[in-house]
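Listed below, chain by chain, are the residues.
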Amino acid sequence: MKMRISAAFAVVCLVTAAVAAQDQNREFVEARGSVKAVPLPPGGAPPRMADGKVDFSGVWFPGPTGKANAWSVDREEPTGPRQEPIPFQPWAQAKFDAMTRTEKELYGNANVQCLPPGTPGMMTENPYVHQFITKPGLFVHLIENNNRWRVVHTDGRPHKSKEEQEPLYNGDMVGRWEGDTLIIDTISIDERTWIRDGWFHSDALRVIERFRRPSMNYLEHQFTIEDPKVLTKPWTSNWNRYTLSVNDEDLTENFCTNNEQVEQFKKLLEVEKGGNR
Amino acid sequence: MKTYIGVLLAAIVMLPMAAAAQDNRTFVEARGSVKPVPLPPGGPTPRMSDGHPDFSGVWFEGPTGKANAWSVDREQGPPEEPIPFQPWAEAKYKAMTRLEIELSSASVNCMPVGTPGMFTENAFAHQIIMKPGQFVHLVEMNNRWHVIHTDGRPHKPKEEQEPLFYGDQTARWEGDTLVIDSISIDERAQIRDGWFHSDQLHAIERLRRPSMNYLEYQVTIEDSKVLTKPWTSPWQTFTLSALNEDLAENFCTNNENVGQLRKLYDSQKPQ
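Residues numbered from 1 in each chain as written. Chains lettered and ligands numbered in written order. Predicted model: local features only at pLDDT ≥ 70, side-chain atom pairs only at ≥ 80, totals over all residues. Heavy atoms only, no water.

1. With respect to the pattern of salt bridges
All names here are of chain B. Applicable threshold: Definition used for salt bridges: Asp or Glu carboxyl oxygen within 4 Å of a side-chain nitrogen of Lys or Arg. Buried, partly exposed and exposed residues are distinguished by accessible area as a fraction of the type maximum, computed with a 1.4 Å probe on protein chains only: under 20%, between the cut-offs, and over 50%, respectively.
A complete count under the given rule lists 24 salt bridges over all chains for this structure. Where Asp186 meets Arg188, a salt bridge forms, and the shortest distance between an N and an O atom there is 2.8 Å. Owing to a relative accessible area of 51%, Arg188 belongs among the exposed residues under this scheme. Between Arg208 and Glu216 there is a salt bridge, and its shortest N-O distance comes to 2.6 Å.

Structure, rendered in structure tokens:
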């Protein structure tokens, strides 16, 4: 897990750098795959299930290359309008701004503490590979990162009744189709999860995820965050792209069993708290 | 997780009693019936488009199609053979206290259950999703999954193998039985209840669905460094969720029982 976290941390650092220096085409160290991403072709029409709905089944990598290449995900490529800033309420903005990078890593990131990433963290706090298995009425999501799964019924059933709800990492999830887009609507999410990178939430969080597969090789994911106790208005992400494994790879076994990074981050935090920021 | 471990602990404590007292002693009713009412067969085995049986569904251990740790009828079926430990292994196994065995259990220490632990060290619900060539196994306990190709492909070449909790797994069909063959299994995984293994462990698991409502599981353990001969379990019964239930969310995030058991362990140590 150590390597994984380093990679996640590095991605976070690099993305910041990439955003800051969009004109430099800075060449990073080549890890795996190309530094200048070569996007996959569309690959034909999306496959469909027996019920005519789009079938998302497959192994999917973030970015356009269909390979595990944390370094080459081309964040500079325009994939939609510029991302809006998070519409925090003033108190929440102050709290968020006061967090140090180390605090965000240590307390705002499931990967470091080995906690369940939950919803939408399985998508948003996870730079690694996904596997989806869809069947009529059923959406199964597996992630490599710490061997987690979630299952969602996609038959449009309502949420559980209020008295049956309890805070869950994955929340109370229901799915429905709007045309060829699968909508996963989630409420009742445990407050110990994060949207991503220290973005905390209240018990009023509602996450609306949208999945679509415009062609064989491409999957797109967008999520809307509603949280009236923390935000001034709903926030919607850009469409994030995922590509089908080109090498027919499987997810590998990954468990977060004994995470040394936590202790290292805690030491770093001590240094920060001592005034050496 | 606390509740789960409580139930598991209780089940472990009660099972030997059940075996010892086959006189149908009535236990406290937890959930479901104490005297299990087995599900009917429920019709023919469903099949996938390639003609092989489809094991897809939510499955509970025992004959009732419900989560009822108390009513799993261990008395049915042929008795198990004793584990054919080599003398040194027998001595090591017998020297373990009940508490040490508990602490070594994945459901207590939150370690991955691995192979064959997903079936053998797991009293809770399973979900299987199948497509031609693919077997997806989800367990409720600590939210774990694994995926196995069922196209009969060989194991990875020796130089690509590394110890994994699930091991290097391949699967093939023998008639209507799916045979899952696993090697290269991390020595931190265990078969069940303190039954440790070596790096030579070879687990051969067999799954079949004789009818709509029933799934049956058998495992053969080969471990030339620990056992004198291979050991094969009786066929174990699982039943399809009678209430169309889903797996619940379960994460082992902050297991207080480990601390409690460790305290107990320390107090048992000779001063």
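Now that the structure is up, let's keep going.
2. Some words on the pairing of strand β8 (residues 218-226) of chain A
Regular strands show a simple pattern: their side chains alternate between the two faces of the sheet. All names here are of chain A. Counted only if it meets this: Helix and strand assignments come from DSSP, with helices taken as H or I runs of at least 4 residues and strands as E runs of at least 2, each series counted from the N terminus. DSSP bridges decide pairing: two strands pair if at least two such bridges lie between them.
Across the nine residues that make up β8, a large majority, eight, are buried. One ladder, built from eight bridges, connects strand β7 (residues 206-215) with β8; its direction is antiparallel. Its bridge partner lying in β8, Phe211 is registered against His221. Two successive antiparallel strands, β7 and β8, enclose a turn made up of two residues. Direction of pairing for β8 relative to strand β9 (residues 235-236): antiparallel, over a ladder of two bridges. Of the residues in β9, the one forming a bridge with Thr224 is Thr236.

3. Quick look at the state of the cysteines
Residue and element names in this part refer to chain A. Under the convention used in this document: Defined by distance alone, a disulfide is two cysteine sulfur atoms within 2.5 Å.
Evaluated as defined, the whole model comprises two disulfides over all chains. The disulfide partner of Cys114 is Cys256, and the S-S distance across this bridge is 1.8 Å. With the S-S dihedral at roughly -60°, the linkage between Cys114 and Cys256 falls on the left-handed side. Of this pair, Cys114 sits in the loop between α4 (110-113) and α5 (118-124) while Cys256 is found in the loop between β10 (240-244) and α6 (260-273), placing the two residues 142 residues apart along the sequence. The two residues Cys114 and Cys256 agree in class, both being buried.

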